[in-house]
Amino acid sequence: MLNILIAGVGGQGSVLAAKILAQAALERGWQVRTAETIGMAQRGGNVTSHVRMGNAGECVHAPLVAKGTADVIIALEPGEGLRALPYLAKDGLMVCATTSIPSVMTDLSGEAYCTEPIIAYLASAAAHFCAVDDAAICDRVGSRKVLNVAMLAVAVQLSAGADYGLRGAIDIDELKEALKNCVKERFIALNCESVDIAVETLQKA
Amino acid sequence: MPKKLLMGNEAFAYAALEAGVRVVAGYPGTPSSELVETVAKLHASGVAQGVHVEWSTNEKAALELLAGASMAGARVLFTCKQVGMNVASDPLLSLNYVGIKGGCVLFVADDPGPISSQTEQDTRRFADFAKVPVLDPSTPDEGYAMMREAFELSERYGTPVIIRPTTRICHASTFFDIPASTQARPLIDGGFQRDSKWVIFPRRAYQAHAEITERLPRIRQEFESGAFNPVVQHGDDPARGIVCGGVSAAYAREALAMLEAACDRTGMLAPSYRLMQIGTPFPFPYEAAAAFADGLEDVLVFEELDHVLEDGFIQLAGSHHLDLHVHGKLDESTLRRGENGTEDCLGRLAAFLDCHPAGIADLSALDQPGAPEPPMRPPVLCAGCPHRGGFYAVKRALGKKPAVLCGDIGCYTLGNAQPLDAIDTCLCMGAGITMAQGFSVAEPDRACVAFVGDSTFFASALTGVANAVYNQHNVTFVILDNATTAMTGSQPHPGTGQTLMGPKSEPIDIEGVLRALGVHCTVRANPLRLDEAVAAARQAIEHPGPSAVIFESPCVQLIKPALPAVIDPDTCTGCGACIRAIGCPAMGMDTDGACVHIDASLCNGCGFCVDVCPFGAISAPAREEGGEAAC
């Protein structure tokens, strides 16, 4: 069983990221369930998408990832990574975009929203952690819209040949094939480019 | 058939269409809305043939319309969220008495948590109260099968049938085979057949009550042997039983699989137990439950919202004189409110089955004390939301005058959040309109203002407005008209004229309706122009008797954003008055606190902040000639 949680703020594309992972799992012939938070939470609130796939032929019953069982958390925002941390398995992988999205509440409270201590804490708490300079990747692609797909690519690449995270269950080519089935034709090239740039950034680092 | 990832609600739409549904009607409400939207999309693309689909003005209107269509012999489907069932309860209770002809299925989505609702009410109780069978799916796949069966059941017994999924079923996705096209079934008997049974009278009701009490045991009997109440046993001679319903069945199965895998890893003997899922909570399958309970000493019941299955087992133990201990919500063996979950079921099952393999107890090991706090991120009105202007203008117009601000159900409930802090009450759909009248009677010196959205206005405010005019209450209605039903995902309504069938009807003019109902003081204004909006609010509030302001500006989800607003850093003093006044999510203080920053990726360029800055430090292209956002 692979449990993946995608955490972010409404509008960052966590639902599409979950669809792409589900599509990749379907191509493998695995049973898959996904679940999203929809409704009031979307109005600038935090959103999570859950993806569960029976990669060893298991039956997937529950739509939600249980706390302490996520093999991978893809955090599209540092504070949301922190909020999702209790879901991470002891040997889990977290990839976390470093660009923060401020909240009206922090502005009103007068306390600055500092991400450095959050990222430092996540790095110490997660068994496997990767802070991703998402701004650099998105700038190179020329769009913030590819954040979700770029972060998926980071998680897939870090799991290649590893005994944690996605444990090599899905490779970069499968990710690209799956996204072709999930995004509009005119955005396929842009998203594939973001996958390549994300992988390239990791290889340089 | 190709496989497609479908959300539960989308899958239920396909299932109903495959069952030949002919008329689909409902009122939007999370988590139910996507079903009607999916039928509309499939109708528009030509996949769903022969179907009529509509958003009705409210749930009562939808169910009454469907009652007519069903009596004409059409298969019909009603959709709403759990509180919508309250609105449609009047037709439902009588409809079950007179009966139906074409299969009549009510899709009523419950919302444990609650995640986006006013109550944690349980539609399984409503089914019992209305004496209508209810099916309760544990996964989208099972809901798909139940939807198809529900139409058959409904026609077989001449009864409405409720399907009650919860949020985690409605909004979970999995892959389904989808048909290339579907065709609505023809009308039974070619159309309506006159019969005195369709007319409810005390005499007819007495006779119908007998029909109901005769058919429910037959439906119960069918449920006893049906596929929706599966039982499995692990190990020999178990003394412990697990009963579950809805998504809790999926959580319990998942938790049991985790326990068994952990036992396997550590060489422990897996626990013995029997598990029963009850997918037909009413009429309760007592004989199947008795067979399940045979030989058991204790049962633990996992269900969300009310203790319906638990009550069923307690009744069973009493009526069958069983030496059976029933554990659940009533003895606090399970959660009394909110959602269940796999991790919660796991802990409770480990204790119940006395099975404690290593590696199970330390879930959430990363949930350590001493961690930094994640930022608070409550839902807020979108950047550029016109409601923000409406709320701010009314508060400015009221100044220090004692007032009560009655809110209502929709995006604009978020007007309660800081810094707008513009809502004192919120009860149920349309209630603000009439509650304000109660305040005005009890406290005549207060300004009594009721905010209502355009969709809610048509759904349930009209009788309240008539009441204010009839009884001459001194209240002000503020209609926040953003040309859509925004909170549930931008559905059209009578004020837009857009229909799900394609052709546009004449939009119903809100001001015309108010005037026709006798509200003589009505003022229209653009809420994103502060002076205009404050003047309009002041005029209406000062008018003795019922008055109305109609703030007209489209929802940001409907329009292309204009160019973002710009801060002049030389003029901005960093006072933060704009943030404290309107709290637009696109605005924030720069890290050094010297200047306000506008996030160009969030700002939709509405320009309202231009009017709020006391130093004229903000400009917006939308305020230049021809710069308004385009629809």
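Bear in mind that the values here come from a model prediction, so they are computed numbers and not experimental data.

Quick notes on the overall build of chain B
Then comes step 1: When helices and strands are counted, chain B shows 21 helices and 24 strands.
Then comes step 2: Compactness check: chain B gives a C-alpha radius of gyration of 28 Å against a globular reference of 25 Å for 631 residues, within 12% of the reference.
Then comes step 3: Principal-axis analysis of the C-alpha atoms places the extent of chain B at approximately 80 × 70 × 55 Å.
Then comes step 4: Buried residues in chain B amount to 56% of all 631 residues.
Then comes step 5: Look at the contacts in chain B between residues 6 or more apart in sequence, and 78% of them connect residues 24 or more apart.

Brief notes about the overall build of chain A
Then comes step 1: Across its full length, chain A holds eight helices and six strands.
Then comes step 2: Secondary structure elements of chain A, listed N to C terminal, follow the sequence β-α-β-β-β-α-β-α-α-β-α-α-α-α.
Then comes step 3: Computed over its C-alpha atoms, the radius of gyration of chain A comes to 16 Å, within 12% of the 17 Å expected for a compact globule of 205 residues.
Then comes step 4: Across its three principal directions, the C-alpha atoms of chain A cover 50 × 35 × 35 Å.
Then comes step 5: Taken across its 205 residues, chain A has 59% of its residues classed as buried.
Then comes step 6: By sequence separation, contacts in chain A at least 24 residues apart represent 62% of the contacts at least 6 residues apart.

Focus: the interface of chain A and chain B
Then comes step 1: Tallying the contact residues gives 47 residues for chain A and 47 residues for chain B.
Then comes step 2: Listed by contribution, the elements that provide at least two residues to the side of chain A that touches chain B are α1 (14-27), β2 (32-36), α2 (78-84), β5 (88-97), α3 (104-109) and α4 (116-125) of chain A.
Then comes step 3: In terms of residue class, the side of chain A that touches chain B is built from 26 nonpolar, twelve polar and nine charged.
Then comes step 4: With two bridges joining them, β2(A) and strand β9 (residues 172-177) of chain B adopt antiparallel strand pairing. Counterpart to A:Thr34 in the pairing with β9(B) is B:Ser173.

Quick notes on the domain arrangement of chain B
Residues and elements named next belong to chain B.
Then comes step 1: When its domains are assigned, chain B resolves into domain 1 (3-224), domain 2 (231-352), domain 3 (386-552) and domain 4 (566-623).
Then comes step 2: Just the C-alpha atoms count here: the centres of domain 1 and domain 2 sit 29 Å apart.
Then comes step 3: Here the element with the most residues in the side of domain 1 that touches domain 2 is helix α9 (residues 202-224); it accounts for five residues.
Then comes step 4: Across the side of domain 1 that touches domain 2, the residue classes break down as eleven nonpolar, four polar and eleven charged.

Details of the pairing of strand β20 (residues 547-552) of chain B
All names here are of chain B.
Then comes step 1: Judged by how many residues are buried, β20 sits mostly within the fold: five of six residues are covered.
Then comes step 2: Judged from the six bridges that link them, strand β18 (residues 476-481) and β20 form a sheet pairing that is parallel. Residue pairing in the sheet places Leu-480 in a bridge with Phe-551 of β20.
Then comes step 3: Judged from the five bridges that link them, strand β19 (residues 521-525) and β20 form a sheet pairing that is parallel. Residue Arg-524 lies in a different strand from β20, and its bridge partner there is Ile-550.
Then comes step 4: Read from β19 through helix α19 (residues 530-542) to β20, the crossover connection turns out right-handed.

Observations regarding the packing of helix α3 (residues 59-71) of chain B against helix α5 (residues 89-98) of chain B
Residues and elements named next belong to chain B.
Then comes step 1: Orientation of α3 relative to α5, taken along the N-to-C sense of each, is 25 degrees, at an axis distance of 8 Å. Here α3 lies roughly parallel to α5, going by the angle between them. For the pair α3 and α5, contact is made by Lys-60, Leu-63, Glu-64 and Ala-67 and by Asp-90, Pro-91, Leu-92 and Leu-95, respectively.
Then comes step 2: Among the residues forming the contact of α3 with α5, the class breakdown is five nonpolar, no polar and three charged.

Describing the environment of B:Asn340
Then comes step 1: Note on placement: B:Asn340 falls in the loop between β15 (325-327) and α13 (342-352).
Then comes step 2: Not counting the four nearest positions on each side in its chain, B:Asn340 is found in contact with B:Ser248, B:Tyr251, B:Phe302, B:Glu304, B:Leu335 and B:Cys345.

Observations regarding helix α6 (residues 123-130) of chain B
All names here are of chain B.
Then comes step 1: For α6, every residue scored as buried is listed here: Thr-123, Arg-124, Phe-126, Ala-127 and Ala-130. Axial view of α6: buried residues confined to an arc of 155 degrees, hence all on one face.
Then comes step 2: Check the buried side of α6 and you find it contacts α4 (82-87), α5, β6 (104-109), β7 (134-135), β8 (161-163) and α12 (308-319).
Then comes step 3: One or two positions beyond α6, positive phi appears at Lys-131, with a value near 60 degrees.

Brief notes about the environment of B:Leu346
Residue and element names in this part refer to chain B.
Then comes step 1: Structurally, the position occupied by Leu-346 is in helix α13.
Then comes step 2: Take Leu-346: there are 25 C-beta atoms within 10 Å of it, and that puts it in the buried class.
Then comes step 3: The spacing of Leu-346 and Ala-257 is 89 residues in sequence and 9.6 Å in space, taken between C-alpha atoms.
Then comes step 4: Sequence-distant contacts of Leu-346, that is, excluding residues within four places in its chain, are made with Ala-255, Met-258, Leu-259 and Ile-360.

Concerning the confidence of the model for chain A
Then comes step 1: Of all residues in chain A, 97% have pLDDT values of 70 or greater, and the mean over the chain is 91.
Then comes step 2: Predicted confidence in chain A is weakest over α3(A), with a mean pLDDT of 73, and strongest over strand β4 (residues 70-75) of chain A, with 98.

Points about the sheet that holds strand β13 (residues 273-277) of chain B
Residue and element names in this part refer to chain B.
Then comes step 1: Strand order across the open sheet formed by five strands is β11-β13-β12-β14-β15, with mixed pairing between neighbours. Pairing within the sheet leaves two strands with one partner each, and these edge strands are β11 (231-234) and β15. On average, adjacent strands in this sheet sit at an angle of 20 degrees to one another, irrespective of strand direction.
Then comes step 2: Note that strand β12 (residues 240-244) and strand β14 (residues 298-302) share five bridges and pair parallel. Counted as the bridge partner of Arg-240 is Asp-298 from β14.
Then comes step 3: Packed onto the sheet, helix α10 (residues 247-266) meets β12, β13 and β14 and runs at close to 140 degrees relative to β12.

Let's talk about the sheet that holds strand β4 (residues 52-55) of chain B
Residue and element names in this part refer to chain B.
Then comes step 1: With parallel pairing, the six strands of this open sheet are ordered in space as β4-β2-β5-β6-β8-β7. Unpaired on one side and paired on the other, β4 and β7 mark the two borders of the sheet.
Then comes step 2: With four bridges connecting them, strand β2 (residues 23-26) and strand β5 (residues 76-81) associate as parallel partners. Along β5, the bridge assignment pairs Val-24 with Leu-77.

Details of α13(B)
Then comes step 1: Buried within α13(B) are the following residues: B:Thr342, B:Glu343, B:Cys345, B:Leu346, B:Arg348, B:Leu349 and B:Phe352.
Then comes step 2: Packed against the buried residues of α13(B) are β12, α10 and β14 of chain B.

Side note on the pairing of β4(A)
Residue and element names in this part refer to chain A.
Then comes step 1: The buried fraction of β4 amounts to six of the six residues, a majority that puts the element mostly inside the structure.
Then comes step 2: In terms of strand pairing, strand β1 (residues 2-9) meets β4 through four bridges, oriented parallel. Bridge pairing links Ala-7 to Ala-75 in β4.
Then comes step 3: Alignment of β4 against β5, held across five bridges, turns out to be parallel. Across the sheet, residue Ala-75 finds its bridge partner in β5, namely Cys-96.
Then comes step 4: Following the backbone out of β4, through α2 and into the adjacent parallel β5, one traces a crossover that is right-handed.

A word on the confidence of the model for chain B
Then comes step 1: Across chain B, the average pLDDT comes to 95, with 97% of residues at or above 70.
Then comes step 2: ipTM for the predicted complex: 0.94, alongside a pTM of 0.95.

A look at unusual backbone geometry
Residues and elements named next belong to chain B.
Then comes step 1: With an omega of 10 degrees, the peptide bond between Thr-30 and Pro-31 qualifies as cis.
Then comes step 2: As for its placement among the helices and strands, Pro-31 is situated in the loop between β2 and α2 (34-44).
Then comes step 3: A cis amide bond links Gln-418 with the next residue in sequence, Pro-419, at an omega value of 0 degrees.
Then comes step 4: A positive phi angle, close to 65 degrees, is found at Ser-490, a residue other than glycine.
Then comes step 5: Mapped onto the secondary structure, Ser-490 falls in the loop between β18 and α18 (510-516).

Thresholds applied
- Residues numbered from 1 in each chain as written.
- Chains lettered and ligands numbered in written order.
- Predicted model: local features only at pLDDT ≥ 70, side-chain atom pairs only at ≥ 80, totals over all residues.
- Helix = DSSP H or I, 4+ residues; strand = E, 2+ residues; numbered from the N terminus.
- Rg over C-alpha atoms; globule rule 2.2 N^0.38 Å.
- Buried ≥ 20, exposed ≤ 12 C-beta atoms within 10 Å, placed from the backbone.
- Contact = placed C-beta atoms within 7 Å.
- Nonpolar A, V, L, I, M, F, W, Y, C, P; charged D, E, K, R; others polar.
- Pairing = 2+ DSSP bridges.
- Domains from an automatic or database assignment.
- Right-handed = clockwise from strand over helix to strand, strands pointing away.
- Axes fitted to C-alpha atoms, helices over the stretch in contact; angles between N-to-C directions.
- Parallel < 35°, antiparallel > 145°, perpendicular 65-115°, else oblique.
- Arc of directions from axis to C-beta.
- pLDDT = per-residue confidence, 0-100.

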